[in-house]
Amino acid sequence: MLPWTFLSIEQLPSIMEQSPASLIAFPFDESFAVQCEATGNPEPEFKWTKNGQDFDPYQDLRLLTEEDSGTFVIPNNGNLTEFQGIYRCYASNKLGTAMSEEIEFIVPNVPKFPKEKIEPLKVEEGQPVILECSPPKGIPPLQIYWMTIGLRHIEQDERVSVGLNGNLYFSNAVRADSRHDYCCFAAFPRIRTIVQKTAMSVIVTNSTSTRAAYFRSGNANSILERKPSLMSPPGDRTYTHHVKGEELLLECIAEGFPTPKVEWSRVGHGLSDRAVVENHGKILSIEEVQQEDEGKYMCKARNAHGEAVHYFYVTVEEPPKWEVEPKSQLKMIGADVVIRCVVSGKPAPTVAWMVNGHPINEVPAGSRKVYDDRIVIHNARPKDSAVYQCEASNRHGTILANANIMIMNLPPLILTEDGLRYMAVERSWVGMHCNVFSSPPSTVTWSRVDSVGTVEGPHFSMHTNGTLEIHGAVSEDEGEYSCFAQNTEGKSAITATLEVKAPTRIVDLPQDLRVLVGTTAQFSCRAEVDPSFIQDYELIWEKDGIALNESETAGYFVDNEMLQVINVSFRHQGVFTCVARSPVDQDTAVAWLTVLDVPEAPEDVMLAERKERTVKLKWIPGDDHNSTTTEFIIEYEESQWEPGRWKELLRVPGNHHSAVLKLHGHVDYSFRVSAVNEVGKGHASKASERHRTPPAAPDKNPENIKIEGHLPHEMDINWEPLPPIEHNGPGLEYRVSYRLQGTDEDWHEHMVKRHSFVVKNTPTFVPYEVRIQARNHIGWAPEPRTVVGYSGEDFPSAAPDDVAVEVMNSTLVKVSWSHVHKDKLQGHLGGYRVNWWRVRSLLDTRKTHGDKHTLTFPGDRIHAHIPGLRPFSEYSLSVTAFNGRGNGPGSHPVSFKTPEGVPDQAAGFRATDIQKHAVTLTWSPPLEASGVLTGYVLQYQLINSTEEVGPLLSVNITSADASKWLLLDLEPMSRYRFYLRCCTRAGCGPAASEESTTGPEAREWILRTHSPPRTSTISFVANTTLSSICTNMSPSKIGVMILHSEYFHLLRLVIEKSDPGTEYTIWLMTKDWLDNSRIYEATWTRAKIKGREVSTYDREGLASIHGSVSNQGWFIGLMCAVALLTLVMLVACFVNRNKGGKYSVKEKEDLHPDVESQGMNDDTFCEYSDNDEKPLRGSQHTLTGDMKGGDSGDSMVDYGDEDAHFNEDGSFIGEYAGRKERSSMEIKGTNQSTA
């Protein structure tokens, strides 16, 4: 806001706004404002002139005016022509007068062609024709169109063209030019008007010269040829003047026959890169012509008979332009004033000086002097204050400048507001203003309030207008500053405050995206700002300069730093700008969203160059939607065979917009085109007009001819029929021709309509020559090619001879044979089949015919390898040939034997009777010995840990009948791995392996029970497991193993280092401590009796930790009944066993495979643990009776009743060979130690 003291200062008037130099009164506008606005102090008064005469719009009631404004409005009420003219506005106050440029108010007339009757124009064929348009004058631009009465454009080419003057030129007339409705249309787009000239007729006739040429040449279409001449422009040269910046258009239209071609050149120079040849070479165009385009241009029209030349001398001119424009000045009294006015232009402008709107020569000069380009006022006084005008003009325009010259003395008046607060961004430029109005000019200085002296430093600059500029502002520049202004008339001062802020920066820029239409695009943008602007900071998203944050346009979702464009369409494509804005600065980042889609359908699909069997298809590509079209797919539809179904015909590259199509005859075609880009295939274009080809003979014969013989005396001929569209005409049929190959006999021919034929009574498998030729009602297809095939095959009649077998190794043999003669094959040889079967093993004298095996070897070969045979066996084989019909007879069987091989693994290899220093290993012979067994190789090594792997020791067992081996001298409590290989004379086979751990020196106490008690908490085969065996003394180590089978359960305890006379109490308990009852309790005592150690025990069955039930009467009675029932059952079982014979130990072992060693390998011999939750390892395995009496120091010799005993290998036999159901458990006898 300006200080009031400044507003009270007198000022010369200044024109602030005026109408353009030309103001056109378009008939569709309601009114027309002639503008003139000015400022000054005192307020200026306005005056107008019209065509150089005074004009007062305020006195004309038809005009609309406003108070304190020079503008008046002319209503469009039908009498506009009265106001047509050139206006000028003057704004005056007591100090002087300013004036506007001239304003021309133009009221255009409606252009019309004159009504006239135009006689038909008769012209001889080959002669030139000019149809004049002579358009009426009107507001430019003017556009000329030549059309028919039906509004069809007259096609232009090298022969026919419309000149710049609007005339229609024919370089040479042809009979087709004859018509009666040539119309010239003149369009004036600014006034929205098109006018039409009276239609003209042209009649082209044959001339005498044409007829003479006809008789000479014998050609009725001959036209007299001649060299070119120019129809426009006339003469041999033209001088043109063009305004700089406008379009240069040079035109040459020539006549002659043949039609001349026009060439352009610039004499002495090459054509400018901006020069463009248009209108079939007849126009040379240079857009925005420049001074350097001046010169001499030549057009040359040429044909085979000569040439015509025209020269253009081009001059480029320019309207007036300011080089130094007069400026307004405030000068002190007594100063010298210089007012400069320098202009340029071509032709050179004339310059006129005026003072307050009057010619300068009409105003008293005083101390003023006028020179060519300036006015000088010496020792200026206040009376010299005025508005000086400089006006320059040439034929291309006029320019005017007002310069206000004020002569006065005035103390400094600072126009900048006091106490302003400036904010700058670090390392940026900031200017603190101190605009001073004074006369004479004041001296302006800046200083900091908190320092003495003016501001100094490399990044401080003072401007003449009083502004202090700080370059690269830093935080140290913050503070309060003062501006001082002083001249001879006085002084003045203001203050200003500077704050320096951190710059706003976008740290995460949005990225350009290419997305498919219909998907979602997401931009993200993050910025950092000065902490003081956190509340004032904003992030704005813009699309093409329009903020989206405030837009409710569908499809945009703005969430501060994120912008989502939902359901992207092509209207969303463009530049998206992220604007991070603070009160002092902003940062922007842009990203381009490119929307992809399949191409649009091509347009204007049309047929051209139609011939009998070809047509050229043209189209205009549609929008490729930002993905380059890679190819076009041309499809066709025909109306006879599959109407409505479109099929692909051709593909052409994406840069081709036409294609020549090869067509079939007798087809009614329609075509369409679709474009393909990286997104996919676009929609197809509209179908073209239909095109029907005439009938023709077939272009080709059937293909894929197959000659087969399914029966010995027949030959089947099949071929792929011609598709219907390839018939080329009606009545398609095939001629089948055949004859024996290599003979001169005539062809046997048959006409068929189907695509197969059977020849009967042929010899077996002989070659025939076959031809298939197509024919329709128009004619025959080209000569067919000859195909050779064979008649039907029969089974081969002979077997291969000389079949021999070469044994390669124990599992592979090589078979060879001789060819079957081709006369015996009776067909195409398919190959040979080898059949073999195993007769017997050489270990067995019995012959058993094994399964037959077959291998097929295609092709003509005479040997093969038969793999996968069993060693040490006798085999037989035969060989047969086969063809397409089947197998021939087999050869005589050939026998052969395979040598010995290495045997398989030994069966049932396991470790038993594990002792402290010895292990017994047992096995069975291999299932496949592959020869005569010669012995075994037993290997073993210590494997306690990876760091303690012992050497691999070997034992050769030379007995082939051996089935067990006792290994001695082993380390106690050590883990071993054992390997056993079976051997024949061919070598040793793969090893069977077993691992086991030797035990400590120990005593065994064995507890056997009948089937488990009925309590559900101790079923060995159910989910409950035994949890612990407890003793009332702890110095001994106890190893526990629970073994069970479906007949009995075995509890084996091994107690090391037990002292004679020590009593142990043993409880057998369940794992489920919620039912914390003992199911068995026994007391065991070890003592020496006569040099022998004897172990005795007392038992207490089914006792409870809460109190024994064995003393209860009911319990004693129950146990007696159970014992009696058990005794009866045992007697019955014993009697039954004696009737059935001895129970085989071997069968018992097979029935209950030994797992004792497995249980021991599972570390069942371990230290006693009181962890009730730890199950006993090995309790899930079945029991075997393979326990030797001599292997344990505490083995039982009497167990159960008297009939129960151990046999010589320690297997337990007796009552447990009886029934499975037992309802009680007994433990009897004395555990007697053997010496």
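Residues numbered from 1 in each chain as written. Predicted model: local features only at pLDDT ≥ 70, side-chain atom pairs only at ≥ 80, totals over all residues. Heavy atoms only, no water.

So, on to unusual backbone geometry. Here the amide bond leading from Ser232 into Pro233 is cis, since omega sits at -5 degrees, within 30 degrees of zero. Following the sequence through the fold, Pro233 ends up in the loop between strand S20 (226–232) and strand S21 (237–243). Cis geometry is found at the peptide bond from Phe257 to Pro258, where omega equals 0 degrees. Within the secondary structure, Pro258 is located in the loop between strand S23 (253–257) and strand S24 (261–266). We note that Arg427 has phi near 65 degrees; this positive angle belongs to a residue other than glycine. (Helix = DSSP H or I, 4+ residues; strand = E, 2+ residues; numbered from the N terminus.)

This brings us to the sheet that holds strand S51 (residues 538–543). The strand order across the open sheet formed by five strands is S48-S56-S55-S51-S52, and the pairing between neighbours is mixed. Since the sheet does not close on itself, it has two edges, and those belong to strand S48 (513–516) and strand S52 (546–547), each with one partner. Looking at chain direction, strand S55 (residues 574–581) and strand S56 (residues 586–596) are connected through eight bridges and run antiparallel. Of the residues in S56, the one forming a bridge with Val579 is Thr588. (Pairing = 2+ DSSP bridges.)

With that settled, consider a negative patch on the surface. A grouping of Glu247, Glu278, Glu287 and Glu288 is seen on the molecular surface, where their side chains present a negatively charged patch. Here Glu247 shows up in the loop between S21 and strand S22 (248–251). (Patch = residues over 30% accessible without salt bridge, like charges linked within 9 Å, V, L, I, M, F, W, Y side chains within 5 Å. Areas by Shrake-Rupley, 256 points an atom, 1.4 Å probe, with all protein chains shown as cover. Salt bridge = Lys/Arg side-chain N within 4 Å of Asp/Glu carboxyl O. Lys, Arg positive; Asp, Glu negative; His and termini not counted. Charge placed at Lys NZ, Arg CZ, Asp CG, Glu CD.)

Moving on, we get to the nonpolar core. Leu131, Trp146, Leu168, Phe170 and Tyr182 are the most contacted members of the largest nonpolar core, which totals 24 residues. If you list the elements that add at least two residues to this core, you get strand S13 (129–131), strand S15 (160–162), strand S16 (168–170), strand S17 (179–188) and strand S19 (200–205). With four residues, S17 is the largest single contributor of residues to this core. For Phe170, the contacting residues outside a window of four places in its chain are Pro128, Val129, Leu131, Arg159, Val160, Asp177, Tyr182 and Met231. Counting 23 residues, the second largest nonpolar core, distinct from the first, contains Trp923, Tyr940, Leu967 and Leu980. (Core = buried A, V, L, I, M, F, W, Y, C linked by side-chain atoms within 4.5 Å. Buried < 20%, exposed > 50% of the residue type's maximum accessible area, 1.4 Å probe, protein only. Contact = heavy atoms within 4.5 Å.)

Let us look at the sheet that holds S16. The three strands are arranged S13-S16-S15 in an open sheet whose pairing can be described as antiparallel. Each edge of the open sheet is held by one strand with a lone partner, namely S13 and S15. Across this sheet, the average inter-strand angle for adjacent strands is 15 degrees, counted without regard to direction. The pairing of S13 with S16 spans three bridges and is classified as antiparallel. Across the sheet, Val129 pairs through a bridge with Phe170, a residue of S16. (Axes fitted to C-alpha atoms, helices over the stretch in contact; angles between N-to-C directions.)

Below, the discussion takes up the environment of Ala521. Turning to its location among the elements, Ala521 is positioned in strand S49 (residues 521–524). Judged by its relative accessible area of 1%, Ala521 is buried. Taking the C-alpha atoms as reference, Ala521 lies 8.2 Å from Leu563; in sequence the two are 42 residues apart. Excluding its chain neighbours within four sequence positions, the residues that come into contact with Ala521 are Leu513, Val515, Leu563, Gln564, Val565, Val568 and Leu593.

A complete count under the given rule lists 49 salt bridges for this structure. Taking the shortest distance from any N to any O, the salt bridge between Asp236 and Arg237 comes out at 3.5 Å. Looking at Asp236, the relative accessible area reads 43%, which means it is partly exposed. For Arg237, a relative accessible area of 42% translates into the label partly exposed. Notably, a salt bridge pairs Arg581 with Glu538, separated by 3.8 Å at the nearest N-O pair. Of the two residues, Arg581 sits in strand S55 while Glu538 sits in strand S51, which places them 43 residues apart along the sequence. By relative accessible area, which is 28% here, Arg581 ends up partly exposed. Exposure remark for Glu538: the relative accessible area of 37% places this residue in the partly exposed category. Here the salt bridges do not stand alone but share partners, grouping Asp60, Arg62 and Glu82 into one network.

Following the criterion strictly, the structure yields seven disulfides and no others. Note on cysteine connectivity: Cys133 is disulfide-linked to Cys184, with sulfurs 1.9 Å apart. Disulfide Cys133-Cys184: torsion about the S-S bond near -65 degrees, hence left-handed. Within this pair, whereas Cys133 is found in the loop between S13 and strand S14 (143–147), its partner Cys184 is found in strand S17, the two being separated by 51 residues in sequence. Just as Cys133 is buried, Cys184 falls in that class too. Unpaired in this structure, Cys183 has its nearest cysteine sulfur neighbour in Cys184, at a distance of 8.9 Å. (Disulfide = S-S within 2.5 Å.)

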